[in-house]
Amino acid sequence: QVQLVESGGGLVQAGGSLRLSCGASGRTFSGYDVGWFRQAPGKEREFVAAISGNGAATIVAGSVKGRFTISRDNAKNTVYLQMNTLKPDDTAFYYCAAARRGAPPTREAEYDYWGQGTQVTVSS
């Protein structure tokens, strides 16, 4: 069982940066792949980025590639999503999720545990 808590969301102007954190309970956190998803009002939840349990493999969605970076610190049981050059289109509720797959999944259905999410609002 893994419990996830997101933090770091807020209001930022276009062009600014935010770093989201996904904190996890459990002593075997390094065994879990972690992904970030987001859902904007009126839209379906979409994949943003994912990282393998040991941090060696990462996947980033094309819409955020070059602007967002995913990383993790297993000693702190935390996964980060560094978001730079934010755009109004990045406004959404951001969720982190965890799964034991051996490779970072990109589909929602492959994740077993979800956090409550954190709001990111980018003003123009």
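A brief report on the enclosed structure follows.

Each value, and the rule that gives it
- Residue positions are given per chain, counting from 1 as you read along its sequence in written order.
- Local features in a predicted model are, by the rule used here, given only for residues with pLDDT of at least 70; side-chain atom pairs are given and counted only at 80 or more, and totals for whole chains, interfaces and linings are based on all residues.
- The basis for every side-chain value is the complete set of non-hydrogen atoms in the structure, without hydrogens or water.
- We count a stretch as a helix when DSSP gives it H or I for four or more residues in a row; a strand needs E for two or more, and each element gets its number in order from the N terminus.
- Exposure is judged per residue with a 1.4 Å probe applied to protein chains only, and the accessible area is read against the type maximum: over 50% gives exposed, under 20% gives buried, and values in between give partly exposed.
- Using a 1.4 Å probe, the Shrake-Rupley method yields the accessible areas, and only the shown protein chains count as cover for residues.
- Note on aromatic pairs: the rings of Phe, Tyr and Trp (six-membered ring only in Trp) are paired at centre separations within 6.5 Å, and the planes decide the class, stacked below 30 degrees, edge-to-face beyond 60, tilted for the rest.
- Both a distance and an angle decide whether a charge sits over a ring: NZ of Lys or CZ of Arg must be within 6 Å of the ring centre and within 35 degrees of the ring normal.
- The contact rule is simple, with two residues in contact once any of their heavy atoms fall within 4.5 Å.
- Here, a salt bridge means any side-chain nitrogen of Lys or Arg that lies within 4 Å of a carboxyl oxygen of Asp or Glu.

Structural notes on the overall build of the chain
Argument step 1. Regarding its fold elements, the chain presents zero helices and eleven strands.
Argument step 2. When its helices and strands are written in sequence order, the chain yields β-β-β-β-β-β-β-β-β-β-β.
Argument step 3. Considered along the principal axes of its C-alpha atoms, the chain spans approximately 40 × 25 × 25 Å.
Argument step 4. Burial analysis of the chain (124 residues in total) assigns 46% to the buried set.
Argument step 5. In the structure as shown, the chain presents an accessible area of about 6,200 Å², 45% of it carried by carbon and sulfur atoms.

Considerations on the packing of aromatic side chains
Argument step 1. Counted by the stated rule, this structure contains six aromatic pairs.
Argument step 2. Judged by centre distance (5.4 Å) and plane angle (85°), the ring pair of Phe37 and Tyr111 falls under edge-to-face. Of this pair, Phe37 sits in strand β4 (residues 33–39) while Tyr111 sits in the loop between β9 (92–99) and β10 (113–114), and the two are 74 residues apart along the sequence. By the burial criterion, Phe37 is buried, and Tyr111 matches it.
Argument step 3. When the centroid spacing of 5.1 Å and the interplanar angle of 50° are considered together, the rings of Phe37 and Trp114 count as tilted. Residue Phe37 is found in strand β4, and its partner Trp114 is found in strand β10; the two are separated by 77 residues along the sequence.
Argument step 4. Residue Phe37 is classed as buried on the basis of its relative accessible area of 1%.
Argument step 5. Take Trp114: its relative accessible area is 25%, and that puts it in the partly exposed class.
Argument step 6. Put simply, the rings of Phe37, Phe47, Tyr111 and Trp114 pair up and form one aromatic cluster.
Argument step 7. A cation sits over an aromatic face here: Arg45 above Trp114, 4.1 Å from the ring centre.
Argument step 8. Positioned above the aromatic ring of Phe29, the side-chain terminus of Arg72 is 4.6 Å from the ring centre.

So, the environment of Cys96
Argument step 1. Its location among the elements puts Cys96 in strand β9.
Argument step 2. Under the relative-accessibility criterion, Cys96 is labelled buried at 0%.
Argument step 3. Placed 61 residues apart in sequence, Cys96 and Gly35 show a C-alpha to C-alpha distance of 5.5 Å.
Argument step 4. Those residues in contact with Cys96 that lie beyond four places of it in its chain are Leu4, Glu6, Cys22, Val34, Gly35, Trp36, Tyr113, Trp114 and Gly115.

Thoughts on the pattern of salt bridges
Argument step 1. Tallied over the entire structure, the rule returns six salt bridges.
Argument step 2. One salt bridge connects Glu108 with Arg45, and the closest N-O pair in it is separated by 3.1 Å. Taken together, the residues span a long stretch of sequence, with Glu108 in the loop between β9 and β10 and Arg45 in the loop between β4 and β5 (46–51) at a distance of 63 residues.
Argument step 3. We classify Glu108 as partly exposed; its relative accessible area is 32%.
Argument step 4. According to the relative accessible area criterion, Arg45 is partly exposed, its value standing at 25%.
Argument step 5. Among the charged side chains, a network of salt bridges with common partners joins Arg38, Glu46, Arg67 and Asp90.

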